[in-house]
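Below, each chain spelled out in residue letters.
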Amino acid sequence: MTLLGSIGSAVFGRWLATTGLIWLALVAISAVAAPLIAPFDPLEINPIERLSEPAPPYLFGTDHFGRDTFSRAVYGARMASIIGCGSVLVALFAGGLCGMLSAYFPQLGHVLMRVVDVLMAFPALLLALVLMTLLERSVINTVIVIGIVYAATTARILYGMTLKLKGEVFVDAAICTGAGHSSVLLRHIFPNLISPLLVQASFVFAFSQLQAAALDFLGLGLPPEVPSWGNMLAEERIYITRAPWLLIFPGALIILTVFSLNLVGDAIRDAIDPRFRGDIAGV
Amino acid sequence: MLRVCNLKTFFRIGAGLFGRKRITVKAVDDVSFEIGEGEVLGLVGESGSGKSTVGRTLTRLEKPTSGKAYFDGQDILKLSARQFRPVRRHVQMIFQDPYASLNPRLSVEATLAEPLRIHGLAGNRSEAREKIGRILERVGLEPEAMKKFPHEFSGGQRQRIGIARVMVLAPRLVIADEAVSALDSSIQAQILNLIGRLQRENNVSMLFISHDLGVVRYVCDRVAVMHRGRIVELGGKSRIFSRPEHEYTKALLGAVPRIPRFDYTGREK
Amino acid sequence: MPLLDVSELEISVHSTGGDIAVVKGVSFQVNKSGTIGIVGESGCGKSLTSLAIMGLLDGSQARTTGGTVRFEGTELLGLTMRERRKIMGNQMSMIFQEPMTSLNPVYRVGDQIAEALRQHRSLTRKAARERAIELLRMVRIPRPDERIDCFPHQLSGGQRQRVMVAIAIACEPKLLIADEPTTALDVTVQKEILGLLRDLQEQTGMAVVLISHDLGVVAETCDFVAIMYRGKIVETGRAEDVFSSVAHPYTRGLLNSIPPVDRDVEVLNEIPGRVPSIEQNVPGCSFHSRCTIAAGICREIDPEFSTVSGKHEVRCHFALGSNNRAE
């Protein structure tokens, strides 16, 4: 099918989106091959070398425990990918299912969408904070919480798109040939939602990065010993004047990654079905 | 074969900011007609006359407010969704917009295989493929069309696929809702001739819904004229077109632009 | 001097494989108070032609690549937006197919009519309003002094199209371009709108270019017709000449494929096949692949116009001539 082809040409057709894609590829490679790339153990403490400036062998300098910031940043990419992928899975699965079923079965939708409305009434960060205080700090819980936050927006978007598709003539035609609910949903509605879901995935991924960093910064995200970009910011914030590189590098990584994700997301959005272009305007 | 008695389909539309005001739109208001075996009944009217709603109610895409529709003596509006499923095979619908009525993500083969699978009309894949090949040929498409997707076809070809999807089930009643209105006139003639040929060959009964009086005159045996949810005149086509009785029918016929002094070369009856 | 003189107009559209010519050497003239109908199926280039005359091709998708469009002797192609604005809406205006979308839903209809007047006629608010009521009366909207304060959604489709006509004729244009003005309307409403246009024409002497796919509409309203196929005019002439002695096989095919309301037909004569896609380069006569009388020469040489009688011209090697039954 042409879906992959059109996304490919959309992404490579613009140099900005291409740059973004290259950056994301670098992040992904770091995540997968962190132990091979990182010159030091990210957790290894070396008090003699604490707060040293960026210079070989410490490319990004060292923190107040003397840990290599570059190695921690590389492992941070791993955390970023896990949190991103996990949240996307939770948000798209829970939100997508909820939105699709709500639109298809209006009675169910009446109930489900009110729940979604309540969830959306909370500011995203506040909702995450409330949920995190109820749970233990762990990678899984962070993923679940961020996933739930963006499941609500995903559900709203998918609800609207499914309603639109439900009114399409080809859905009527499928019903007329005798297709049942599962067949209409899975064969006729869902395949048309795949490309908008991809766009939504890229935006959820981007926002999950910001959300995770914020939670880490507030000390409610990942456990403090885990090398994540958010945790690095949180731990070193008091050294901002003495050792600014400790904040500049993780901060820049977050910004670059989120920016790249948004660029790629925009490119995919422009490539998809024009019917839905207006529906996905970010999370 | 199909007898529709006092069919009413009303829509309740919420108006006002909080939907407290409710307006009832009487889309179909007490409509009755019959269609015999192998007969084509034309349903003409202007937009908003309720003609499409009649078709959509008979295929159960809309819920009737009251009334009965007997197909082979069985009231199909009373059946549950499950009970209606086997009847669907015999009551099929051709839609207006050939661009919207095909799922863009399904190949022609998948589109045509689905009804066969749902109604258990093909034992296995190769049997289904054979049937699909045969029906494609009958609607005037190459067998290679099977592997293609809707966007690779022109409007006329898509409508042929839409017709194939209906005819592959060998239905006994076909409801054609503005089946040729979206097509250019040279393609429209091809599709009209195709529909006419398939209708005669299979002795299918048909409810042909259209706003185009010329098209209705060409395809139908009898004509019902709808206006504001009601049938204002019903009769044999030669009578309706040569001696219309209702004022509305007369107005409608009078409004059709004609081409003066053109000698027609089609085979006249 | 004709009011509008379109000569050898060429339009290309962008595509991945380079520019494709979609309007190829279209020429026609419209005189004061004349009506020309441009007929063809979708994709024949009739709408692009009208957009090019109005200067609405912005080059992002389609652009004029050649020819001239003269309005009262002034060349329109190549005018700046600023110069063009003086003519557009004032001496030349356009109505479109969709009465639903061509009015802005958030403004009252009176304001939308007044906008054109205030822009070109610098009328006061009060004078513009009075003129707007007068215009609504001219397009036969009942109780115009009340309807002027309606929003578009409060009007029916036919009334909206009347408002569009009112806006178009607000500044008493010398030329009105109507692109499928009645296609979205019911036949009874269509009859009223066409009658309205004809009456306005008699009153004001305005010329009309009517773009339509409907031969019946054109036959009833136009005194001159041009039939387009794949970007070229294939037959043109006075309406009565063209319809009484059809010369091009495509025109004949089109006419034959319309089921008539006034007689029973057993089998419609259809035009076989379909229009080759615009990307396809067809040598010779562009209609030869669907033509029942095509011969070797048709596949090689694209016919030039030949005269049938008077102003009736046709592009066909085997023009059917005055004998209607030549098949």
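Residues numbered from 1 in each chain as written. Chains lettered and ligands numbered in written order. Predicted model: local features only at pLDDT ≥ 70, side-chain atom pairs only at ≥ 80, totals over all residues. Heavy atoms only, no water.

1. Overview of the overall build of chain C
Part 1: In terms of regular secondary structure, chain C is built from 11 helices and 13 strands.
Part 2: The globule rule puts the C-alpha radius of gyration for 327 residues at 20 Å, and the 21 Å found for chain C is close to it.
Part 3: Dimensions along the principal axes, computed over C-alpha positions, put chain C at roughly 70 × 50 × 40 Å.
Part 4: By residue count, 54% of the 327 residues in chain C fall in the buried class.
Part 5: Sequence separation of at least 24 residues holds for 64% of the intrachain contacts in chain C that already meet a minimum separation of 6.
Part 6: Entry remark: accessible area of chain C is about 14300 Å², with carbon and sulfur atoms responsible for 48%.
Part 7: Separation between the mean location of the 36 positive side-chain charges and that of the 40 negative ones in chain C comes to 6 Å. (Helix = DSSP H or I, 4+ residues; strand = E, 2+ residues; numbered from the N terminus. Rg over C-alpha atoms; globule rule 2.2 N^0.38 Å. Buried < 20%, exposed > 50% of the residue type's maximum accessible area, 1.4 Å probe, protein only. Contact = heavy atoms within 4.5 Å. Areas by Shrake-Rupley, 256 points an atom, 1.4 Å probe, with all protein chains shown as cover. Lys, Arg positive; Asp, Glu negative; His and termini not counted. Charge placed at Lys NZ, Arg CZ, Asp CG, Glu CD.)

2. Thoughts on the sheet that holds strand 8 (residues 207–212) of chain C
Residues and elements named next belong to chain C.
Part 1: Judged by pairing direction, the sheet is mixed, and its 8 strands sit side by side in the order 6-7-8-3-9-10-13-12 without closing on themselves. The outermost strands of the open sheet, each flanked by one partner alone, are strand 6 (92–95) and strand 12 (306–309). Between one strand axis and the next, the sheet turns by 20 degrees as a mean value, whatever way the strands run.
Part 2: One ladder, built from 2 bridges, connects strand 10 (residues 232–238) with strand 13 (residues 312–314); its direction is antiparallel. If you follow Thr-236 over to strand 13, its bridge partner there is Glu-313.
Part 3: Against the sheet, helix 1 (residues 46–54) engages strand 3 (35–39), strand 6, strand 7 (175–179), strand 8 and strand 9 (224–229), with an angle of about 145 degrees to strand 6.
Part 4: Its contacts with the sheet place helix 6 (residues 157–169) against strand 6 and strand 7, and it is angled at close to 170 degrees to strand 6. (Pairing = 2+ DSSP bridges. Axes fitted to C-alpha atoms, helices over the stretch in contact; angles between N-to-C directions.)

3. So, the arrangement of the chains
Part 1: There are 2 pairs of chains in contact here; the most contacts are made by chains B and C.
Part 2: In this view chain A stays clear of chain C, with the nearest C-alpha atoms of the two still 12 Å from each other.

4. A few points about the environment of Val-261 of chain C
Part 1: Mapped onto the elements, Val-261 of chain C comes out in the loop between helix 10 (249–256) and strand 11 (265–267).
Part 2: For Val-261 of chain C, the residues in contact, after removing those within four places along its chain, are Leu-213, Gly-214, Arg-217, Phe-241, Val-256 and Arg-258 of chain B.

5. As for the packing of helix 5 (residues 155–167) of chain B against helix 6 (residues 185–202) of chain B
All names here are of chain B.
Part 1: The contact between helix 5 and helix 6 brings their axes to 10 Å, and the two run at 15 degrees. Compared by their axis directions, helix 5 and helix 6 come out roughly parallel. Helix 5 and helix 6 meet at a crossing whose hand is right-handed. On helix 6, the residues touching Gly-156, Gln-159, Arg-160, Ile-163 and Met-167 of helix 5 are Ile-187, Gln-190, Ile-191, Leu-194, Ile-195, Leu-198 and Asn-202. (Parallel < 35°, antiparallel > 145°, perpendicular 65-115°, else oblique. Left-handed = near helix turned anticlockwise from the far one by under 90°.)

6. Points about the pattern of salt bridges
Part 1: As enumerated under the stated definition, the model contains 37 salt bridges over all chains in all.
Part 2: We note a salt bridge from Arg-67 of chain A to Glu-235 of chain A, for which the minimum N-O separation is 2.8 Å. With Arg-67 of chain A in the loop between helix 3 (34–37) and helix 4 (69–104) and Glu-235 of chain A in helix 11 (residues 229–236), the pair connects residues that are 168 residues apart, well separated along the chain.
Part 3: Overall, Glu-235 of chain A belongs to the partly exposed group, its relative accessible area being 23%.
Part 4: Note that Asp-264 of chain C is salt-bridged to Lys-237 of chain B, the shortest N-O span being 3.9 Å. Taken as a pair, Asp-264 of chain C in the loop between helix 10 and strand 11 and Lys-237 of chain B in helix 8 (residues 237–242) lie in two separate chains rather than in one. (Salt bridge = Lys/Arg side-chain N within 4 Å of Asp/Glu carboxyl O.)

7. Here's the deal with the interface of chain C and chain B
Part 1: Chain C puts 42 residues into the contact, and the matching count from chain B is 38 residues.
Part 2: Our enumeration of links across chain C and chain B arrives at 3 salt bridges.
Part 3: Taken together, chain C and chain B are joined by 13 residue pairs in polar contact (both at pLDDT 80 or more).
Part 4: Counting only elements with at least two residues in the side of chain C that touches chain B, the list comes to helix 7 (187–204), helix 8 (215–221), helix 9 (239–244), helix 10 and strand 11 of chain C.
Part 5: Counting residues per element, the side of chain C that touches chain B draws most heavily on helix 8 of chain C, which supplies 5 residues.
Part 6: In terms of residue class, the side of chain C that touches chain B is built from 17 nonpolar, 11 polar and 14 charged. (Polar contact = N/O pair within 3.5 Å; in protein donor to acceptor, adjacent residues only side chain to side chain. Nonpolar A, V, L, I, M, F, W, Y, C, P; charged D, E, K, R; others polar.)

8. Remarks on the domain arrangement of chain B
Residue and element names in this part refer to chain B.
Part 1: Examined at the domain level, chain B breaks down into domain 1 (2–90 + 171–255) and domain 2 (102–170).
Part 2: Taken over C-alpha atoms, the centre of domain 1 sits 25 Å from the centre of domain 2.
Part 3: At the junction of the two partners, domain 1 supplies 19 residues and domain 2 supplies 14 residues.
Part 4: Taken together, both faces of the contact between domain 1 and domain 2 bury some 1400 Å²; the carbon and sulfur share is 65%.
Part 5: Together, Arg-89, Pro-171 and Leu-198 form the three largest contributors to the area buried by domain 1 at its contact with domain 2, with a combined 40%. (Domains from an automatic or database assignment. Buried area = accessible area lost by both parts, 1.4 Å probe.)

9. What to know about the domain arrangement of chain C
Residues and elements named next belong to chain C.
Part 1: Domains assigned within chain C are domain 1 (4–222) and domain 2 (229–314).
Part 2: Summarising the inter-unit geometry, the C-alpha centres of domain 1 and domain 2 are found 27 Å apart.
Part 3: Each side of the interface is counted separately: domain 1 has 13 residues, and domain 2 has 15 residues.
Part 4: Between domain 1 and domain 2, the buried area comes to about 1300 Å², and carbon and sulfur atoms account for 67% of it.
Part 5: The largest per-residue losses of area from domain 1 upon contact with domain 2 belong to Lys-24, Glu-41 and Leu-215, which jointly make up 44% of the total buried on that side.
Part 6: Linking domain 1 with domain 2 are 0 salt bridges, by the criterion used here.
Part 7: One can count 4 residue pairs in polar contact (both at pLDDT 80 or more) joining domain 1 with domain 2.
Part 8: Taken together, the elements giving at least two residues each to the side of domain 1 that touches domain 2 come down to strand 2 (20–30) and helix 8.
Part 9: Counting residues per element, the side of domain 1 that touches domain 2 draws most heavily on strand 2, at 7 residues.
Part 10: Considering only residue class, the side of domain 1 that touches domain 2 consists of 10 nonpolar, 1 polar and 2 charged.

10. Looking at the side chain of Glu-46 of chain B
Part 1: Within the secondary structure, Glu-46 of chain B sits in the loop between strand 3 (40–44) and helix 1 (51–58).
Part 2: Although buried, Glu-46 of chain B forms no salt bridge, and the nearest oppositely charged side chain, Arg-228 of chain B, lies 8.3 Å from it.
Part 3: Apart from residues lying up to four places away in sequence, Glu-46 of chain B is in contact with Lys-51, Tyr-248 and Leu-252 of chain B together with Asp-186, Val-187 and Thr-188 of chain C.

11. Quick look at the interface of chain A and chain B
Part 1: In this complex, chain A contributes 20 residues to the contact, which on the side of chain B involves 24 residues.
Part 2: Regarding the contact of chain A and chain B, the summed buried area is about 1900 Å², with carbon and sulfur atoms giving 57% of it.
Part 3: Taken together, chain A and chain B are joined by 2 salt bridges.
Part 4: The salt bridge partner of Asp-172 of chain A is Arg-56 of chain B, with a shortest N-O separation of 2.8 Å.
Part 5: Our count for the chain A to chain B interface comes out at 12 residue pairs in polar contact (both at pLDDT 80 or more).
Part 6: Looking at the side of chain A that touches chain B, the elements with two or more residues in it are helix 1 (2–12), helix 8 (169–177) and helix 9 (181–189) of chain A.
Part 7: A breakdown of the residues in the side of chain A that touches chain B according to their chemical character gives 9 nonpolar, 8 polar and 3 charged.

12. Details of the pairing of strand 6 (residues 91–94) of chain B
Residues and elements named next belong to chain B.
Part 1: Burial of strand 6 is two-sided: the residues Val-91 and Met-93 facing one way and the residues Gln-92 and Ile-94 facing the other way are all buried.
Part 2: Sheet topology places strand 6 next to strand 7 (residues 173–177); 4 bridges connect them, and they run parallel. Residue pairing in the sheet places Met-93 in a bridge with Ile-175 of strand 7.

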